[in-house]
Amino acid sequence: MHRRTLLTLGGIGLAGLAGCLDTTGTSDEVSTEPTSSTPTDTDTSTRTETDASTETDTDTSTEPTTGEGNGRLSVTVERHQPAVVELTNPDSIGLTGGEKTQYLYLWVEVTEGDPPMREDLAFRLAGDRHELRPAEQPFRLWRAYNHSEERYDAKRGSGWVLFELPETDDASDAALVWPGGEWQPDPDLRTRLASPFPSLSVEWSVPETVTPGMEPAIEFTVTNEGERDGRFVAALNRTGGGIAYMPVAAIRKSIPAGETVSWTVTDTYAVRAPPEEEMGDGQPDMEYKLRQLGGRETREVRIVLE
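Residues numbered from 1 in each chain as written. Predicted model: local features only at pLDDT ≥ 70, side-chain atom pairs only at ≥ 80, totals over all residues. Heavy atoms only, no water.

Draft legend 1. Broad picture of the overall build of the protein. The helix and strand inventory of the protein stands at 2 helices and 20 strands. Every one of the 306 residues in the protein was classed for burial, and the buried ones make up 51%. In the protein, the proportion of contacts linking residues at least 24 apart, taken out of those at least 6 apart, comes to 71%. When the accessible surface of the protein is summed, it comes to about 13100 Å², and 47% of that surface belongs to carbon and sulfur atoms. (Helix = DSSP H or I, 4+ residues; strand = E, 2+ residues; numbered from the N terminus. Buried < 20%, exposed > 50% of the residue type's maximum accessible area, 1.4 Å probe, protein only. Contact = heavy atoms within 4.5 Å. Areas by Shrake-Rupley, 256 points an atom, 1.4 Å probe, with all protein chains shown as cover.)

Draft legend 2. How the structure looks around the environment of tyrosine 152. Structurally, the position occupied by tyrosine 152 is in the loop between helix 1 (142-147) and strand 10 (158-166). Distance from tyrosine 152 to methionine 117, taken between C-alpha atoms, is 8.9 Å for residues 35 residues apart in sequence. Among the polar contacts made by the side chain of tyrosine 152, one reaches the main-chain carbonyl oxygen of proline 116 at a distance of 2.7 Å. (Polar contact = N/O pair within 3.5 Å; in protein donor to acceptor, adjacent residues only side chain to side chain.)

Draft legend 3. How the structure looks around the packing of aromatic side chains. The tally for this structure, following the rule as stated, stands at 6 aromatic pairs. Ring centres 5.8 Å apart and planes at 65° place the aromatic pair tyrosine 105 and tryptophan 160 in the edge-to-face group. Residue tyrosine 105 is found in strand 7 (residues 101-113), and its partner tryptophan 160 is found in strand 10; the two are separated by 55 residues along the sequence. Owing to a relative accessible area of 2%, tyrosine 105 belongs among the buried residues under this scheme. Assessed through its relative accessible area of 0%, tryptophan 160 is described here as buried. When the ring centre of tyrosine 105 is taken as reference, the NZ or CZ atom of arginine 79 above it lies at 4.4 Å. (Phe/Tyr/Trp six-rings, centres within 6.5 Å; stacked < 30°, edge-to-face > 60°. Lys NZ or Arg CZ within 6 Å of the ring centre and 35° of its normal.)

Draft legend 4. Just the environment of arginine 156, in detail. By the secondary structure assignment, arginine 156 is in the loop between helix 1 and strand 10. Exposure remark for arginine 156: the relative accessible area of 38% places this residue in the partly exposed category. It is 8.9 Å that separates the C-alpha atoms of arginine 156 and glutamate 109, two residues lying 47 residues apart in sequence. Arginine 156 has contacts with Glu149, Glu150 and Arg151, leaving out every residue within four places of it along the chain. There is a polar contact of 2.3 Å between the side chain of arginine 156 and the backbone oxygen of arginine 151.

Draft legend 5. Quick look at the sheet that holds strand 15 (residues 217-224). With antiparallel pairing, 3 strands are arranged side by side in an open sheet as 13-15-18. Edge positions in the sheet fall to strand 13 (200-205) and strand 18 (260-266), since each has one partner strand and no second. Mean inter-strand twist for the sheet, computed between neighbouring axes without regard to direction, equals 20°. Where strand 15 lies against strand 18, 7 bridges are found, and the strand directions are antiparallel. By the bridge assignment, threonine 221 is partnered in strand 18 with serine 262. (Pairing = 2+ DSSP bridges. Axes fitted to C-alpha atoms, helices over the stretch in contact; angles between N-to-C directions.)

Draft legend 6. View of the side chain of serine 195. Along the chain, serine 195 falls in the loop between helix 2 (187-193) and strand 13. Judged by its relative accessible area of 16%, serine 195 is buried. Among the polar contacts listed, one links the side chain of serine 195 to the backbone oxygen of threonine 191, at a separation of 2.6 Å.

Draft legend 7. Seen up close, the side chain of asparagine 224. Along the chain, asparagine 224 turns up in strand 15. The class for asparagine 224 is buried, based on a relative accessible area of 1%. One polar contact links the side chain of asparagine 224 to the main-chain amide nitrogen of glycine 226, over a distance of 2.8 Å.

Draft legend 8. Representation of the nonpolar core in the model. Of all hydrophobic cores here, the largest spans 27 residues; its most connected members are Phe220, Phe232, Leu236, Trp263 and Tyr288. Among the secondary structure elements, those contributing two or more residues to this core are strand 13, strand 15, strand 16 (230-240), strand 17 (246-255), strand 18, strand 19 (286-292) and strand 20 (295-303). The leading source of residues in this core is strand 17, at 5 residues. The residues contacting leucine 236, other than those within four sequence positions of it, are Ile93, Trp204, Ile218, Phe220, Pro247, Val248, Ala249, Val265, Tyr288, Lys289 and Leu290. Listed in part, the 22 residues of the second largest apolar core include Leu121, Leu125, Trp178 and Ala194. (Core = buried A, V, L, I, M, F, W, Y, C linked by side-chain atoms within 4.5 Å.)

Draft legend 9. Region of the structure containing a negative patch on the surface. A cluster of acidic residues, Glu276, Glu277, Glu278 and Asp281, forms a negative patch on the protein surface. In this fold, glutamate 277 is placed in the loop between strand 18 and strand 19. (Patch = residues over 30% accessible without salt bridge, like charges linked within 9 Å, V, L, I, M, F, W, Y side chains within 5 Å. Salt bridge = Lys/Arg side-chain N within 4 Å of Asp/Glu carboxyl O. Lys, Arg positive; Asp, Glu negative; His and termini not counted. Charge placed at Lys NZ, Arg CZ, Asp CG, Glu CD.)

Draft legend 10. Spotlight on empty space enclosed by the protein. Enumeration according to the criterion identifies 4 cavities of 30 Å³ or more in this entry. The calculated volume of the second largest cavity comes to roughly 60 Å³. What lines the second largest cavity is a set of 10 residues, and nearest its centre among them are Arg79, Val85, Tyr105, Arg143 and Arg252. Mapped onto the lining of the second largest cavity, the elements with two or more residues apiece are strand 4 (71-81), strand 5 (83-89) and helix 1. Of the residues contributing to the lining of the second largest cavity, the split by class is 5 nonpolar, 1 polar and 4 charged. (1 Å grid on protein atoms, 1.4 Å probe; cavity = no way out; pocket = protein on both sides within 12 Å on 5 of 7 lines; lining within 4 Å. Points joined across faces, edges and corners; volume = space filled by probe spheres on them. Nonpolar A, V, L, I, M, F, W, Y, C, P; charged D, E, K, R; others polar.)

What follows is the structure in structure tokens.
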């Protein structure tokens, strides 16, 4: 069984992900996600500190469920998705995932007893025990890079955890386990853990031209052609317009079964004009590069004066 059907894409480019911010931008301008004390699904992580675009993952959340043992835990499902966004170098983001993997975010809170250590948390699936994903460390996994302070640890007694799981046809034994206790997901999540991700058709567009000072809007339309809810996961980077390379958005959008969802991502790093001798030469001045499981695509933009 294949864990997912690859995204259907048009005009996939093979442009590489390389480069860094130039002197017009700094590394501390890398996009961040809004901090929240409760589990939410951030659709797009833009460069601004105050991006308010969030979506509670109601399609995968369950009522907090408890398990008995040395510690009593409340567990909520945040997201089940086919890939995760990670830093590919200090100034760009990409995806990790594929046909034989799936990723499960859980929010864990200790409600009674001794909190288990991070290394004592594991996820059982198809008879095997899976430890917390090593790439959950800061400066690689994008959520850890922005939310390292919200990862679960025993001292805090709450936080998010991420498991990288293999494909399986049988998730009947699925459970979060810790010394003396376990939490079992509901039947819907167990079914999804044992099912392929649905096929998604993706269309996206950028303005053909922009002027200095603009914050370009990138339009997305994604259709879920399957019979189960899915999630579109992608990494969007930009070159040009005052920077050499930078992340624009980490996208994780829930797409209900059989539906089409459209939305806009705003690039909040305002466009800067290129050198005067490069204006009006007919060559593209900026590029947006989208990385998704189906491949990479590039869209070109020219900068013009008003």
